Amino acid sequence: MSQPEKIESLLKEERSFPPPAKFAAAAHVRSMDEYEALYKQSIEDPCAFWASVAEQNFRWFRMWDRTLDWQLPHARWFVGAQTNLCFNCVDRHVERGLGDKTAILFEGEPGDVRRLSFRELQTEVCKFANVLKSLGVKKGDRVTIYMPMTPELAIACLACARIGAPHSVIFGGFSVQAIVDRVEDAQSHVVITSDGGWRRGKVVPLKENVDQAAAQCALIKTVVVHRRIGERMESGAAPLVDGRDHWWHELMAAESAECPPEKCDAEDMLFLLYTSGSTGKPKGILHTTAGYMVYTATTAKYIFDLKPDDIFWCTADIGWITGHSYVIYGILANGVTTVMYEGAPNHPDWERFWALIERHKVTKFYTAPTAIRAFMREGRQHADKHDLSSLKLLGTVGEPINPEAWMWYHEVVGRGRCPIVDTWWQTETGGILISPIPGATPTKPGTATRPFFGIEPAVMSKDGTVLPPNAGGLLCIKKPWPGMLRGIWRDPERFVRQYWSEIDDVYFAGDSARMDADGYFWIMGRVDDVIKVSGHRLGTMEVESAIVAHPAVAEAAVVGVPHEIKGNAIAAFVTLTADRIGDIASHDGLAKLREELMQHVTHALGAVARPDQIRFTQSLPKTRSGKIMRRLLREIAGGGQVKGDTTTLEDFSVLAKLAEKDE
Ligand code: PRX
């Protein structure tokens, strides 16, 4: 990890919003006293707390012998128990008489709407679980899923969970190289995809990307293709490959709707989800069955104050942890209707989200600050046109929310009536760790407030000292919790090094924060080489590796720079190979190469990783010991784009000399 630069918090926020009285009166937790009492219990005796939660709300095929086995840094929860997450998300509700209730409410970008009841979902999931089995997938085999946000994506995940085959979902916005890397790391032979997905009226060529990945990666033996676009697909695009590819609907037609759920061990691997860290290759974060189930369901219940008649909409893609935990598992485990929307927030116009909330009477809405800022820029008139009176609660996740965006969300979307939960967590944490409890916690714009039950956070210095209120430091978690990651796939050493070695004996995953005098946590951002672009987590090294793979590039350094809508944008500094320097001698040549590099990154990683700025430099500014001076690059990039491209090749050597003292 790079040394955190001096951590200083400049944000001063005095506004405070108590939970609306009407909301609090009907909430699961109705006052701060109640929260404090439950929190105290959960910290003083976490095993008793989690055992009591787990006993009440889930179906177990075998009860646990011990609630927790903690051999720092390895935790095992509900040791000896057997359960099945798919059963708990689907069958249990059918058995409870909720078979006809809508489980998934889907709206496609073109406007097509589908509702799947819990019973229909059970049928589809069982059939697809049988499809997987017929393709030779066994318990423990990793299945790669690369699909648009359609019900089949959730069905594929649930079917994997049903048979105990861990899924590895790849975000549909990622591209070929991302698929190759993840399939290879997971050693996965089966890929589930779609012919395409809709995004801003265009087809995202998912199957074509899988074909290109398969051409580079012999591991891919079987591809199942769901027909999403169908006849509107360009004819001849990505035809099925004989012996390797199968249509989803043809396989499904042959299968029965009976598939008993696998009795999974509490610590059986549930899924891998790749996320960026400070090396070039993303790491496979490993989550297991029972702890993840209990934690996501319980956080969802209390933080979103879930009630049986809720229509819950989390706008995250299932390709990210937010979608895993709060589109699928945490919500369905509570028997609540979950909304899935396929497309872009601004297609066909900036009213789409608000129209969707009005149309489907969404009650709880969970989105990212970057989306809120984009809506804010477009003006409130789009939201004002719609009846948003069904909304009861709003949530945010993925990056710090600036108080202006928080206030806009509160006034324009929540109409001043809805509590906002600003939820802090990570791929690694499985579920939310810090958040208001909406009927209890007074909120302040810009803070995720207090820890969830069982979570003991602390702001620490590098030597492990707990810092006093208002001092900025590293945000650590002192005790294990059920939803925590169990490891990094095939890299146990990295797990220890990455999360448990920065400060002895506590979990640290890269954020800085301060705690105020009320015990509220204010997240300040990452201190490692991870950049949050529109809430998406990207590693600087990953983007650098993609750029360097271009034949014209000798070396590249990538930094994050503040961006009004995206939170951060990517700026890349590039040195060219000697034989290609001539390419940028002219204005046109420079513009052409810059565009080519941008395309190159988009092709390798996906549009999310496309740099906003690419600057060509004679050499990268480095310290005498050879470390790239990222802080200097951030300052240069923050100063804006070079004017008029006249300085074709920039030279930062003088600046580097001046800056060397401070690095
Ligand atoms: O920097 C924090 C930021 O997102 C990081 C985790 O990213 P990822 O694993 O992709 O998971 C995102 C969704 C859970 C964190 O280390 N982050 C997440 N939520 C917040 C946040 N930063 C500030 N406030 C939040 N509410």
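Located above this text is the structure these notes cover.
Since the structure is predicted, the reported quantities are computational estimates derived from the model, not experimental observations.

A.B. asks: In this structure, what is going on with the nonpolar core? I would like to understand it.
C.D. replies: The nonpolar side chains of a soluble globular protein tend to be buried, and buried together. Among the nonpolar cores identified, the biggest contains 120 residues, and Phe78, Phe128, Ile192 and Phe304 are the most heavily contacted of them. Take this core: its biggest share by element is 10 residues, from helix α7 (residues 151-163). Setting aside residues no more than four positions away along its own chain, phenylalanine 304 makes contact with Thr299, Phe312, Tyr326, Ile331, Lys364, Tyr366, Leu393, Val421 and Ile432. Of all hydrophobic cores here, the second largest spans 47 residues; its members include Ile179, Cys217, Val225 and Leu605.

A.B. asks: Can you help me understand the sheet that holds strand β24 (residues 507-515) in this one?
C.D. replies: Pairing between the strands of a sheet comes from backbone hydrogen bonds, and it takes one of two forms, parallel or antiparallel. A sheet is described by the order of its strands in space; here 4 strands give the open sequence β21-β22-β24-β25, paired in antiparallel fashion. Pairing within the sheet leaves two strands with one partner each, and these edge strands are β21 (457-460) and β25 (521-526). Across the sheet, the axes of successive neighbouring strands diverge by a mean angle of 45 degrees, strand direction being ignored. Sheet analysis places strand β22 (residues 473-477) next to β24, joined by 4 bridges and oriented antiparallel. Considered in β24, the bridge of isoleucine 477 is made with tyrosine 507.

A.B. asks: Explain the site of the ligand here, please?
C.D. replies: Around the ligand sit 17 residues, and of these Asp422, Thr423, Thr427, Asp511 and Arg537 come closest. Between proline 400 and the ligand, the recorded distance is 3.4 Å, taken from a backbone N or O atom to a nitrogen atom. Threonine 423 has a polar backbone atom sitting 2.7 Å from a nitrogen atom of the ligand. In the complex, the protein chains occlude 97% of the 540 Å² of accessible area that the ligand would expose alone.

A.B. asks: Which parts of the structure should I look at to understand the pattern of salt bridges?
C.D. replies: Scanning the model with the defined rule gives 40 salt bridges in all. For the salt bridge of glutamate 342 with arginine 228, the shortest nitrogen-to-oxygen distance reads 2.7 Å. One end of the pair, glutamate 342, is in the loop between β17 (337-341) and α13 (352-360); the other, arginine 228, is in the loop between β11 (222-226) and β12 (245-247), with 114 residues separating them in the sequence. By relative accessible area, glutamate 342 is classed as buried at 5%. Between glutamate 555 and lysine 622 there is a salt bridge, and its shortest N-O distance comes to 2.6 Å.

A.B. asks: Which parts of the structure should I look at to understand the packing of aromatic side chains?
C.D. replies: For any two aromatic rings, the description comes down to two numbers: the centre-to-centre distance and the angle of the planes. Considering all chains together, one arrives at 46 aromatic pairs under this definition. Note on tryptophan 64 and phenylalanine 78: the rings are 5.1 Å apart at their centroids and 70 degrees apart in plane angle, and the pair reads as edge-to-face. Of this pair, tryptophan 64 sits in the loop between α3 (46-57) and β1 (66-71) while phenylalanine 78 sits in strand β2 (residues 74-79), and the two are 14 residues apart along the sequence. Accessibility assignment for this pair places tryptophan 64 and phenylalanine 78 in one class, buried. Taking NZ or CZ as reference, lysine 263 lies 5.6 Å from the ring centre of phenylalanine 61, over its face. The ring of tyrosine 520 carries the charged tip of lysine 444 above its face, separated from the ring centre by 4.4 Å.

A.B. asks: Help me understand the sheet that holds β17, please; the structure alone is not making it clear to me.
C.D. replies: One open sheet holds the 7 strands; their spatial order is β5-β4-β17-β16-β18-β19-β20, and the pairing between them is mixed. At either margin of the open sheet sits one strand with a lone partner, and together these are β5 (113-117) and β20 (420-423). Direction aside, neighbouring strands of the sheet carry axes that sit 20 degrees apart on average. In this sheet, β17 lies alongside strand β16 (residues 311-314) in parallel orientation, the contact comprising 3 bridges. Across the sheet, residue tryptophan 313 finds its bridge partner in β17, namely valine 339. The strands touched by α13 are β4 (102-107), β5, β16, β17 and β18 (364-367); relative to β4, the strand with the most contacts, the crossing angle is about 145 degrees.

A.B. asks: Sorry, what's going on with the pairing of β21 here?
C.D. replies: Along a regular strand, successive side chains alternate from one face of the sheet to the other. Going residue by residue along β21, you find Pro457 and Val459 tucked away on one face and Ala458 and Met460 tucked away on the opposite face as well. Bridging between β21 and β22 involves 4 bridges; their strand directions are antiparallel. When the bridges of β22 are listed, alanine 458 appears paired with cysteine 476.

A.B. asks: In this structure, what is going on with the packing of helix α14 (residues 369-378) against helix α16 (residues 403-413)? I would like to understand it.
C.D. replies: One way to put it is that α14 packs onto α16 with a least axis distance of 10 Å and a crossing angle of 75 degrees. By the angle between their directions, the pair α14 and α16 is classed as roughly perpendicular. Where α14 approaches α16, its residues Ile372, Arg373, Phe375 and Met376 are matched on the opposing element by Glu404, Ala405, Trp408 and Tyr409. Taken together, the residues of the contact of α14 with α16 sort by class into 6 nonpolar, no polar and 2 charged.

A.B. asks: Looking at this structure, how should I read the side chain of serine 42?
C.D. replies: Along the chain, the position of serine 42 falls in helix α2 (residues 32-44). Of the residues examined, serine 42 reaches a relative accessible area of 0% and is grouped as buried. Reaching out from serine 42, the side chain makes a polar contact with the backbone oxygen of tyrosine 39 at a distance of 2.7 Å.

A.B. asks: Sorry if this is basic, but what is going on with helix α12 (residues 321-332) here?
C.D. replies: Every α-helical turn comprises 3.6 residues, leaving residues that sit three or four positions apart pointing alike. Here α12 spans 15 Å end to end across 12 residues, near enough to the 16 Å set by a 1.5 Å rise per residue. Where burial is concerned, most of α12 is hidden: 12 out of the 12 residues are buried. Residues of α12 that are buried include every one of Ile321, Thr322, Gly323, His324, Ser325, Tyr326, Val327, Ile328, Tyr329, Gly330, Ile331 and Leu332, and no others.

A.B. asks: So what exactly am I meant to see when it comes to the pairing of strand β8 (residues 190-194) here?
C.D. replies: Counting buried positions over the 5 residues of β8 gives 5, a clear majority of the element. Of the two faces of β8, the one carrying Val190, Ile192 and Ser194 and the one carrying Val191 and Thr193 are both buried. Pairing of strand β6 (residues 143-146) with β8 involves 4 bridges; the strand directions are parallel. Looking at β8, one finds that valine 143 is bridged to valine 190. Summarising the sheet, β8 and β11 pair through 5 bridges and their orientation is parallel.

A.B. asks: Please clarify how a positive patch on the surface should be interpreted in this entry.
C.D. replies: The grouping of Lys22, Lys392, Arg415 and Arg417 at the surface amounts to a positive patch. Note on placement: arginine 417 falls in the loop between α16 and β20.

A.B. asks: Looking at this model, I keep getting lost on the packing of helix α8 (residues 176-186) against helix α19 (residues 587-605). Mind explaining?
C.D. replies: If you want to describe how two helices pack, look at the angle between their axes and the distance between the axes. Packing of α8 against α19 leaves a shortest axis separation of 3 Å and a crossing angle of 35 degrees. Taken together, the residues of α19 that come into contact with α8 (itself represented by Val176, Gln177 and Ala178) are His603, Ala604 and Leu605. In the contact of α8 with α19, the residues fall into 4 nonpolar, 2 polar and no charged.

A.B. asks: Before we go on, may I ask you to explain the environment of histidine 74 in this structure?
C.D. replies: Tracing the chain through its elements places histidine 74 in strand β2. Linking histidine 74 and isoleucine 636, residues 562 residues apart in sequence, is a C-alpha distance of 42 Å. Apart from residues no more than four positions distant in its own chain, histidine 74 is found in contact with Asp69 and Phe495.

A.B. asks: Looking at this model, I keep getting lost on helix α17 (residues 492-500). Mind explaining?
C.D. replies: Of all the positions in α17, only Arg494, Phe495, Tyr499 and Trp500 are classed as buried. Looking at the buried residues of α17, the elements they touch are β1, β2, β15 (283-288), β23 (487-488) and β24.

Scoring rules and cut-offs
One numbering rule holds for all chains: residues counted from 1, following each sequence as written. For this predicted model, a pLDDT threshold of at least 70 governs which residues receive local features, and a threshold of 80 or more governs which side-chain atom pairs are given and counted, while totals over whole chains, interfaces and linings are taken from all residues. Excluded from the side-chain calculation are hydrogens and water; included are all heavy atoms of the structure. Side-chain atoms within 4.5 Å are what join buried Ala, Val, Leu, Ile, Met, Phe, Trp, Tyr and Cys residues into a set we call a nonpolar core. We call a residue buried when its accessible area falls under 20% of the maximum for its residue type, exposed when it is over 50%, and partly exposed in between, using a 1.4 Å probe and counting protein chains only. Secondary structure elements are defined from DSSP: runs of H or I of at least 4 residues count as helices, runs of E of at least 2 residues count as strands, and each element is numbered from the N terminus. For this analysis, residues touch if any pair of their heavy atoms sits within 4.5 Å. Two strands pair if DSSP finds at least two bridges between them. Axis angles are defined between N-to-C directions and span 0 to 180 degrees, where every axis is a line fitted to C-alpha atoms and, for a helix, only to the segment in contact. We call a residue near a molecule or strand as soon as one heavy atom of that residue lies within 4 Å of the molecule or strand. Throughout this description, a polar contact denotes any pair of N or O atoms lying within 3.5 Å of each other; where both atoms belong to protein, one of them has to be capable of donating a hydrogen while the other can accept it, and for residues adjacent in sequence the pair is counted only when both atoms sit in side chains. Throughout, the Shrake-Rupley method with a 1.4 Å probe supplies accessible areas, and for residues the shown protein chains are the sole cover considered. The working definition used for a salt bridge is a side-chain nitrogen of Lys or Arg within 4 Å of a carboxyl oxygen of Asp or Glu. Each Phe, Tyr or Trp ring, with Trp reduced to its six-membered ring, pairs with another whose centre is within 6.5 Å; inter-plane angles below 30 degrees give stacked pairs, above 60 give edge-to-face pairs, and intermediate values give tilted ones. Definition used: whenever NZ (Lys) or CZ (Arg) falls within 6 Å of the ring centre and also within 35 degrees of the ring normal, the charge is taken to sit over that ring. Put simply, angles under 35 degrees are roughly parallel, angles over 145 are roughly antiparallel, angles from 65 to 115 are roughly perpendicular, and the rest are oblique. Asp, Glu, Lys and Arg are counted as charged, while Ala, Val, Leu, Ile, Met, Phe, Trp, Tyr, Cys and Pro are counted as nonpolar; the rest, among them Gly, fall into the polar class. Multiply 1.5 Å by the residue count of a helix minus one, and that product is the helix's expected span. Patch construction takes residues with relative accessible area above 30% that form no salt bridge. Like charges are linked within 9 Å, and nonpolar side chains (Val, Leu, Ile, Met, Phe, Trp, Tyr) are linked within 5 Å. In this charge count, Lys and Arg are treated as positive and Asp and Glu as negative; neither His nor the chain ends contribute. Where a charge lies is defined by one atom per residue type, namely NZ (Lys), CZ (Arg), CG (Asp) and CD (Glu).

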